[in-house]
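Summary of structural features
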Amino acid sequence: MAALDDLRVLDLTQYEAGTSCTQALAWLGADVVKVEVPGVGDPGRGVGLTGEERYSAYFCNWNANKRSVVINLQKDEGRELLLEMVPRFDVFVENYGPGVVERLRIDYDDLKEIHPSLIYARLKGFGTSGPYSEFKSFDMVAQASAGAFSVTGEPDGPPTVPGPTIGDSGTGVQLAMAILAAYIQREREGVGQLIEISMQEAMTYYMRTRIATGSKWGTRPTRRTGNTQGLPPVDIFPCKPFGTNDYIYLMPITSGHWDALCTALERPDLLVDERFVDPRKRRDHEAELNDIIEGWLSDRTKYDAMSILGKAGVPCSAILDTAELHTDEHLLARGFVKELDHHGHGRTKLLGFAPRMSQSEVEISRAPLLGEHTDDVLLGDMNLPQSRVAELRTNGVVE
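A brief structural summary.

**Things to note about the overall build of the chain**
Each helix and strand in the chain was counted, giving 16 helices and 11 strands. By its C-alpha atoms, the chain is 85 × 50 × 40 Å across when sized along the principal axes. Taken across its 399 residues, the chain has 45% of its residues classed as buried. In the chain, 67% of the contacts between residues at least 6 apart in sequence involve partners at least 24 apart. In the structure as shown, the chain presents an accessible area of about 20,200 Å², 53% of it carried by carbon and sulfur atoms.

Structure (structure tokens):
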């Protein structure tokens, strides 16, 4: 039995921030029903270079294990139908832009009136109060506003866009954690509640180390350091055949790691070399040390180097690109790479969900087509008469 087998989530999210939250809950076993607008549905369905405008790879990566219902909330009948659905769910999640749920008259006060124990979760770029509360936000806006750009890039270069989209998904996972906490509290005390999360504030959680180690309690900005996130030889190094991502990242930060590195390089002489006897000496002779390491790596691939150095006890990793993640022998051996049939895409690979629970397992299923489960939910879950569903469809309320 899945851990969240009895949890039902009404999902009014779009793009990535809210959808990552509800997908995490779905992957833990919750029944997630995604409510989408007619015609295009979640705008994320069309994100990316894809011929499948309503079923993009982006959408499939963030909406697995959900059911899709199409309801036109602009119509009074659509709103009334949603209000009928709400009492059948434990959790309501939305990440619309500022003021949208208020205009649709489906904010917390509206839904609490008909379902007092509802857990209502809101995800906003800057929250619902404060000078920025009306500002729109996307992932990188949140990262910019939380300091992530400022610490990314070379020391003498400009602030740089970070690679991972943790402004969205990192916020979503925090919201999922808060929802589970609220669910536990409701089981204990019988109360529902409103949860609000700001993307800007959520992002600062992932900045805490860089803030703590570089900003002197917030009295100065943390410096950009590029790839050298520590004293030499903490850095990236090129490997054979020297392509775009043919690099390995080394992070030997203790004396034991240094000893292991020297042993793996078959250079025990470096252990007694005065130029490298301590981290600060290694910093003073960084160029010479890098030449030695790069010379050793010059006829080895990043995978060969990682195997030798990793087995020797040196913290390191080949720099895997996004294609290599899907063929990595370690992730394959752990069953982390899944294969699913996706409409219009054929049999494709998706990466799994990191938490592994000994008493709960949920198989990944493909993301839903737009409105694929409208009848299942309205006829099966809500027991609406076939005639009413037909009328709603004729009136353009559902698809």
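**Notes on the environment of Trp258**
Positionally, Trp258 belongs in helix H10 (residues 255-264). It is 9.4 Å that separates the C-alpha atoms of Trp258 and Gly313, two residues lying 55 residues apart in sequence. Ignoring anything within four residues of it in the chain, the contact list for Trp258 reads Pro233, Pro252, Leu270, Leu271, Phe276, Arg282 and Leu289.

**What about the packing of aromatic side chains?**
Tallying each qualifying case throughout the model produces 10 aromatic pairs. Ring geometry for Tyr15 versus Phe138: centroids 5.8 Å apart, planes at 85°, classification edge-to-face. You can see Tyr15 sitting in the loop between strand S1 (8-12) and helix H1 (17-27) and its partner Phe138 sitting in the loop between strand S5 (119-124) and helix H6 (139-145), a full 123 residues away along the chain. Using a relative accessible area of 31% as the deciding quantity, one classes Tyr15 as partly exposed. The exposure class of Phe138 is exposed, given its relative accessible area of 53%. Plain terms: the ring middles of Tyr55 and Phe59 are 6.4 Å apart, the flat faces sit at 50° to each other, and that makes the pair tilted. Judged by its relative accessible area of 2%, Tyr55 is buried. Take Phe59: its relative accessible area is 1%, and that puts it in the buried class.

**A word on the pairing of strand S3 (residues 66-70)**
Across the five residues of S3, five count as buried, placing the element largely inside the fold. Every second residue of S3 is oriented toward a common face, with Lys66, Ser68 and Val70 on one face and Arg67 and Val69 on the other, all of them buried. In this structure, strand S2 (residues 31-36) lies alongside S3, joined through five bridges in parallel fashion. Within S3, the position partnered with Val35 by the bridge is Val69.

Criteria and thresholds
Residues numbered from 1 in each chain as written. Predicted model: local features only at pLDDT ≥ 70, side-chain atom pairs only at ≥ 80, totals over all residues. Heavy atoms only, no water. Helix = DSSP H or I, 4+ residues; strand = E, 2+ residues; numbered from the N terminus. Buried < 20%, exposed > 50% of the residue type's maximum accessible area, 1.4 Å probe, protein only. Contact = heavy atoms within 4.5 Å. Areas by Shrake-Rupley, 256 points an atom, 1.4 Å probe, with all protein chains shown as cover. Phe/Tyr/Trp six-rings, centres within 6.5 Å; stacked < 30°, edge-to-face > 60°. Pairing = 2+ DSSP bridges.

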